[in-house]
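# Secondary and tertiary structure notes
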Amino acid sequence: MRVKITAITQHPASIPFNYNYALHSAIYGLIEKSSSEYSIYLHDKGFINKAINKRFKLFTFSKLFFTPAKIQKNGFSHVRQIQFFFSTPIEKSYEHLILGLFSDQTFFLNVAGRKIDFSVTQVEALAEPQFKDNCNFLCLSPIAVSTLREKPDGSLEQHYLDYMNPEERNHFIENIQKNLINKYQTFYNTDYTNQSRAFDFHFDVNYIAKRQGRISKLIQFKKIKNNTRTKIKGFEAPFKIIADPELIKMGYNAGFGNDNSAGMGCLEFIHGEYR
């Protein structure tokens, strides 16, 4: 299930490049307007996959699309209108977001210590595409894929895999597949039985060439105790995927890769090859 949200602000606003946490918080705030109990549950717990003892929020959202906007050193200025997409396979999450949007048709972004108020002008429910085993997509937000690796002291740390590094590319693709299977099993609460199904994923090489290989994005997400930020590395480019249509559908609704509830891995289905 997917919805496109359009909102305006009364006065031209400035929004920094790293706004993901502000939008993440606004989405939970909208859900809270409908049900504070469900908002807390989704934020603090989410949906558990007992087989791997891991929880998933099973939603994603896109980057913001600004109208108009001037790109400056620290972000976007003169913003009057924003649009973004919210996507989830969970009916309850979708329902509470919609009800929250229409409770008073307002929300705010808290950026750089400033609260920017927005009025919702349009909420458009989008039809789901018909997925086949070979699909093309555009990224509406970067795809982040992480793994755990051992540090010199023997402890584990989260490491974001680099698609552009040949030594990590296969691991990146393998983890895309594993992540989709884990989400499928979490959502349906059952084993995934098509493990032998063909799977392939690759970003469009012509786009990569056009961008001179610069398709990575580094998102600073949230302040933590030592006054630094959580940094999420992702990749943003058109891509092709060959997989079980049920896994592709799960990725479309819940997001590809990791950190989906931080606004990573949201994508748009396209017909045919990327031009």
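Coordinates for the structure precede this section.
Notes on the structure follow. All figures in this text were calculated on a predicted structure; none of them were measured in a lab. What you see as residue numbers is a count from 1 along each chain, following the sequence as written. Two thresholds apply to this predicted model, a pLDDT of at least 70 for residue-level local features and 80 or more for giving and counting side-chain atom pairs, whereas whole-chain, interface and lining totals are computed over all residues. Computation of side-chain values: all heavy atoms of the structure, hydrogens and water removed.

### Let's talk about the side chain of T88
We count it as follows: Under the DSSP-based scheme used, a helix requires at least four consecutive residues in state H or I and a strand at least two consecutive residues in state E, with every element numbered from the N terminus. Residues count as neighbours in contact if any of their non-hydrogen atoms are within 4.5 Å of one another.
Within the secondary structure, T88 sits in the loop between strand 7 (75-87) and helix 3 (91-104). Residues in contact with T88, not counting those within four places in the same chain, are M1, L58, F59, S93, Y94 and N253.

### A few points about the pattern of salt bridges
As a reminder of what qualifies: What makes a salt bridge here is a side-chain nitrogen of Lys or Arg within 4 Å of a carboxyl oxygen of Asp or Glu, nothing more. Note on exposure labels: buried denotes an accessible area under 20% of the residue type's maximum, exposed denotes more than 50%, and partly exposed covers the range between, all computed with a 1.4 Å probe on protein chains only.
The tally for this structure, following the rule as stated, stands at seven salt bridges. For D104, the salt bridge is made with K33, and the minimal N-O distance between the two is 2.8 Å. Here D104 is found in helix 3, whereas its partner K33 is found in helix 1 (residues 20-34), with 71 residues between them in sequence. On the basis of relative accessibility, which here comes to 36%, the residue K33 falls in the partly exposed class. R197 is the partner of D244 in a salt bridge, and the nearest nitrogen-oxygen pair spans 3.9 Å. Of this pair, D244 sits in the loop between strand 16 (239-242) and helix 6 (245-254) while R197 is found in the loop between helix 4 (166-188) and strand 13 (200-203), placing the two residues 47 residues apart along the sequence.

### Observations regarding the packing of helix 1 against helix 3
Convention followed: Note on geometry: axes are lines fitted to C-alpha atoms, helical ones only across the stretch in contact, with angles between N-to-C directions running from 0 to 180 degrees. Convention used here: angles under 35 degrees read as roughly parallel, angles over 145 as roughly antiparallel, angles from 65 to 115 as roughly perpendicular, and any remaining angle as oblique.
Viewed as axis vectors pointing N to C, helix 1 and helix 3 meet at an angle of 80°, and their least axial separation amounts to 7 Å. Classified by the angle between their axes, helix 1 and helix 3 sit roughly perpendicular to one another. Contacts between helix 1 and helix 3 involve I27, L30, I31, K33 and S34 from the former and H96, L97, L99, G100, L101, S103 and D104 from the latter.

### Some points on helix 1
Spelled out, the test is: Each helix should span, by expectation, one fewer than its residue count multiplied by 1.5 Å.
Counted at 1.5 Å a residue, the expected span for helix 1 with its 15 residues is 21 Å, and the 22 Å between its end C-alpha atoms agrees. Considered for burial, the residues of helix 1 that qualify are N20, A22, L23, H24, A26, I27, Y28, L30 and I31.

### A closer look at the sheet that holds strand 10 (residues 134-139)
Going by this rule: The pairing criterion for strands is at least two bridges between them, as found by DSSP.
The strand order across the open sheet built from four strands is 13-16-10-17, with neighbouring strands paired in antiparallel fashion. Strands with a single pairing partner mark the edges of an open sheet, and in this sheet they are strand 13 and strand 17 (267-270). Mean inter-strand twist for the sheet, computed between neighbouring axes without regard to direction, equals 30°. Looking at chain direction, strand 10 and strand 17 are connected through four bridges and run antiparallel. By the bridge assignment for strand 17, F137 is matched with F269.

### Here's the deal with the pairing of strand 16
As paired strands, strand 10 and strand 16 are joined by four bridges and run antiparallel to one another. Paired with N134 across the two strands is I242, which belongs to strand 16.

### Side note on the environment of K4
Within the secondary structure, K4 sits in strand 1 (residues 2-16). Separated by 239 residues in the primary sequence, K4 and A243 have C-alpha atoms spaced 26 Å apart. Excluding residues within four positions of it along the chain, K4 makes contact with Q83, F84, F85, Q122, V123, E124 and L126.

### As for the side chain of T6
Rules: Under this definition, polar contacts are N or O atom pairs within 3.5 Å; protein pairs additionally need one hydrogen-donor-capable and one acceptor-capable atom, and for neighbouring residues in sequence, both atoms have to be side-chain atoms.
Its place among the elements puts T6 in strand 1. The exposure class assigned to T6 is buried, which follows from its relative accessible area of 4%. Reaching out from T6, the side chain makes a polar contact with the side chain of Q83 at a distance of 2.9 Å. For T6, the contacting residues outside a window of four places in its chain are Q81, I82, Q83, S119, V120, T121 and Q122.

### A few points about the packing of aromatic side chains
For clarity, the cut-off: By convention, a stacked pair of Phe, Tyr or Trp rings (six-membered ring in the case of Trp) has centres within 6.5 Å and planes under 30 degrees apart, an edge-to-face pair has planes over 60 apart, and any other such pair is tilted. Over a ring means this: the NZ of a Lys or the CZ of an Arg is within 6 Å of the ring centre and within 35 degrees of the ring normal.
Scanning the entire structure with this criterion turns up 29 aromatic pairs. For the ring pair Y163 and F172, a centre distance of 5.4 Å and an interplane angle of 75° mean the geometry is edge-to-face. On the basis of relative accessibility, which here comes to 5%, the residue Y163 falls in the buried class. Above the plane of the ring of F108 lies K115, whose end atom (NZ or CZ) is 5.0 Å from the centre. Here R169 stacks its cationic end above the ring of Y163, 5.3 Å away from the centre of that ring.

### Here's the deal with the nonpolar core
Note on soluble globular proteins: their nonpolar side chains tend to be buried together. Heads up, the condition is: Within this scheme, the nonpolar core is defined by two criteria: the residues are buried Ala, Val, Leu, Ile, Met, Phe, Trp, Tyr or Cys, and they are joined through side-chain atoms within 4.5 Å.
I15, I27, I82, L97, F107 and L109 are the most contacted members of the largest nonpolar core, which totals 40 residues. Those elements that place two or more of their residues in this core are strand 1, helix 1, helix 2 (36-44), strand 7, helix 3, strand 8 (106-111), strand 9 (114-126) and helix 6. With seven residues, helix 1 is the single largest residue contributor to this core. When sequence neighbours within four positions are dropped, the list of residues in contact with I15 reads F66, G75, F76, V79, I82, L109, I116 and F118. Counting 32 residues, the second largest nonpolar core, distinct from the first, contains L161, L180, Y192 and F256.

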